[in-house]
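A look at the structure
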Amino acid sequence: MKVPFGDLRVHYAQVQAEIDGAVKRVLSSGHYILGPELERFERDFEEFLGSPYVIGCASGTEAIYLALAAWGVGPGDEVIVVAHTAVPTISAISMTGATPVFVDIDASSYVMDVGEVRSRITERTRAVVPVHLYGQMVDLDPLLELARDYNLAVIEDVAQATGCTYKDRGTAGTFGDYGAFSFYPSKNLGAFGDGGAVCTGSRENYERLVMLRNYGQSRRYYHDMVGINSRLDELQAAILGAQLPFVGQWNERRRQIARRYSQGLKDVVQVPSENTWSSHVYHLYVIQTAGREALQEYLLDRGIQTLIHYPIPAHLQKAYSYLGYQHGDLPATEHVTKRILSLPIYPELTDGQVDYVIEGIRSFHKAGPATQQGRGSESPVAVPLTPQANTPPATV
Ligand SMILES: Cc1ncc(COP(=O)(O)O)c(C=O)c1O
């Protein structure tokens with residue numbers, strides 16, 4: 001049996017009629033940028049989120065950038081964020097000219113340790129970016145209180161948590177000043193190309209975002225702000241709109257798969273722990289285990305693809321060496337980085353495939369030490385792992 005990490009062709013087959021209809025409608029309309037499909041998707045996504053305002057944009061990275069820029073973050077400013085995230089979260093901060101300031105995570109839920117944030121605030125801090133990693137949320141109540149005290153913007157990175165809810169009070173993205181979404185194809189709501197969105201509760205923020213994503217124009221050829229080109233095109237907006245009605249059921253299927261994995265694996269590896277304040281939507285199912293590299297090889301030999309999100313935390317990446325962080329600066333981040341492994345999880349995965357992965361992991365743990373040591377040795381943090389052959393277009 002083969003269990004790829006993701007299979008977007010199977011996904012397409014499931015919604016082919018809806019997608020083909022949407023694509024045809026756009027192609028024959030002759031309207032490809034900033035048209036009725038984007039308008040409709042933005043209003044539908046507002047309703048889905050329960051947010052007053054949504055703007056579509058070109059990617060999740062630019063969604064975070066646009067939110068920071070709308071708040072006026074720029075050179076000389078500092079933005080507090082975790083290092084255990086997809087590096088694009090940090091790229092977006094760098095794009096404004098501001099300096100990312102890293103805080104550690106909670107090692108069991110993998111998200112920002114909110115208790116650490118206060119000690120990193122300086123007179124230059126302008127914003128904090130809680131990343132709702134793998135599909136569950138940062139504890140926002142204490143963070144929002146802190147942000148209010150210090151007049152910081154809260155920009156939620158919701159790239160991996162579309163549809164997640166917080167304390168049954170609302171949807172991820174709608175608690176901070178801005179929520180930034182990615183529609184990378186393998187996300188819980190994915191485009192068939194790049195895409196992103198920002199939601200906000202403020203009309204003023206919304207109007208700035210509308211200008212910033214379209215060259216800073218308030219109307220054609222009148223540029224009130226220094227903006228960029230970051231628009232969600234009509235094709236992607238129509239494709240996203242066609243899939244939006246299914247996100248709830250797809251998230252529920254992800255939760256079912258996660259329950260099956262956890263039931264089958266809890267006595268052999270550390271399974272993900274769900275925090276008490278948010279509903280996990282399992283963009284990724286991430287276990288921790290000591291013999292991670294050997295397990296990964298063992299599973300690959302049996303046709304099961306796994307990935308590591310992420311093998312090198314941002315503070316130890318070459319690109320950010322100028323910030324001067326050292327090994328040991330973020331102990332929980334560095335600890336989990338050596339132990340995490342993401343198992344395949346997507347709505348189209350069958351129970352048979354899930355059981356095959358469970359059996360593979362259980363048989364690895366039953367095997368002797370020779371198997372468990374693997375062919376190579378455990379990679380230390382900050383040494384890039386060799387890219388896997390045939391890695392599908394999985395999550396960034
Ligand atoms: C947590 C997180 N933030 C930001 C991004 C960037 O999104 P995009 O790839 O759409 O630019 C990603 C990756 O897709 C992500 O996983």
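Residues numbered from 1 in each chain as written. Predicted model: local features only at pLDDT ≥ 70, side-chain atom pairs only at ≥ 80, totals over all residues. Heavy atoms only, no water.

Points about the environment of Gly76
- Among the structural elements, Gly76 can be located in the loop between helix 4 (60–70) and strand 2 (78–82).
- The partly exposed category is assigned to Gly76, whose relative accessible area is 37%.
- Through-space distance from the C-alpha of Gly76 to that of Thr99 is 7.2 Å; in sequence the pair is 23 residues apart. (Helix = DSSP H or I, 4+ residues; strand = E, 2+ residues; numbered from the N terminus. Buried < 20%, exposed > 50% of the residue type's maximum accessible area, 1.4 Å probe, protein only.)

A look at the pairing of strand 8 (residues 178–182)
- The buried fraction of strand 8 amounts to five of the five residues, a majority that puts the element mostly inside the structure.
- Of the two faces of strand 8, the one holding Tyr178, Ala180 and Ser182 and the one holding Gly179 and Phe181 are both buried throughout.
- As paired elements, strand 5 (residues 153–157) and strand 8 share three bridges and run parallel to each other. Across the sheet, Glu156 pairs through a bridge with Gly179, a residue of strand 8.
- Summarising the sheet, strand 8 and strand 9 (residues 196–200) pair through five bridges and their orientation is antiparallel. The partner of Ser182 across the bridge, within strand 9, is Gly196. (Pairing = 2+ DSSP bridges.)

Considerations on the sheet that holds strand 5
- Taken in spatial order, the seven strands line up as 1-9-8-5-4-2-3 in an open sheet, and their pairing is mixed. In the strand order of this sheet, the two ends are held by strand 1 (53–57) and strand 3 (99–103), each with one partner. The mean inter-strand angle of the sheet, taken between neighbouring strand axes irrespective of direction, is 25°.
- As judged from the five bridges shared by strand 2 and strand 3, these two strands associate in the parallel manner. Its bridge partner lying in strand 3, Val82 is registered against Val103. (Axes fitted to C-alpha atoms, helices over the stretch in contact; angles between N-to-C directions.)

Focus on the site of the ligand
- Residues in contact with the ligand amount to 16 residues; listed here are only the nearest, Gly60, Thr61, Asp157, Ser182 and Lys187.
- In the environment of the ligand, a nitrogen atom lies 2.7 Å from a nitrogen or oxygen atom belonging to the side chain of Asp157.
- In this structure, Ser182 approaches the ligand through a side-chain N or O atom, which is 2.7 Å from an oxygen atom.
- Relative to its free-state accessible area of 390 Å², the ligand is covered by the protein chains to the extent of 96%.
- Those elements giving two or more residues to the shell around the ligand turn out to be helix 4 and helix 5 (87–95). (Near = heavy atom within 4 Å. Polar contact = N/O pair within 3.5 Å; in protein donor to acceptor, adjacent residues only side chain to side chain. Areas by Shrake-Rupley, 256 points an atom, 1.4 Å probe, with all protein chains shown as cover.)

Focus on the packing of helix 4 against helix 7 (residues 203–212)
- At a minimum axis distance of 9 Å, the contact between helix 4 and helix 7 shows a crossing angle of 120°. As far as their axial angle goes, helix 7 and helix 4 are oblique. For the pair helix 4 and helix 7, the sense of crossing is right-handed. Contacts between helix 4 and helix 7 involve Leu66, Ala67, Ala69 and Ala70 from the first element and Arg208, Leu209 and Leu212 from the second. (Parallel < 35°, antiparallel > 145°, perpendicular 65-115°, else oblique. Left-handed = near helix turned anticlockwise from the far one by under 90°. Contact = heavy atoms within 4.5 Å.)

Focus: the domain arrangement of the protein chain
- Looking at the protein chain, the domain boundaries give domain 1 (8–245) and domain 2 (247–373).
- Centre-to-centre separation of domain 1 and domain 2, based on C-alpha positions: 25 Å.
- In this assembly, 47 residues from domain 1 lie in contact with 36 residues from domain 2.
- When the buried surface of domain 1 facing domain 2 is broken down by residue, Tyr110, Tyr134 and Asn188 rank first, second and third, together holding 20% of it.
- Inspection of the region where domain 1 meets domain 2 yields zero salt bridges.
- Between domain 1 and domain 2 we count 29 residue pairs in polar contact (both at pLDDT 80 or more) in total.
- Among the elements of the structure, helix 1 (8–14), helix 5, strand 3 and strand 6 (165–166) are those that each provide at least two residues to the side of domain 1 that touches domain 2.
- For the side of domain 1 that touches domain 2, the element with the highest residue contribution is strand 3, accounting for five residues. (Domains from an automatic or database assignment. Buried area = accessible area lost by both parts, 1.4 Å probe. Salt bridge = Lys/Arg side-chain N within 4 Å of Asp/Glu carboxyl O.)

Some details on helix 2 (residues 16–29)
- Between the first and last C-alpha of helix 2 there are 20 Å, a value that for 14 residues agrees with the 20 Å anticipated at 1.5 Å per step.
- Among all positions in helix 2, only Ile19, Ala22 and Val26 are buried. For helix 2, the angular spread of the buried residues around the axis is 70°, confining them to a single face. Turned more than 90 degrees off the buried face of helix 2, the exposed positions are Ala17, Lys24 and Ser28.
- Contacts from the buried residues of helix 2 go to helix 1, helix 3 (36–49) and helix 8 (234–243). (Expected span 1.5 Å × (residues − 1). Arc of directions from axis to C-beta.)

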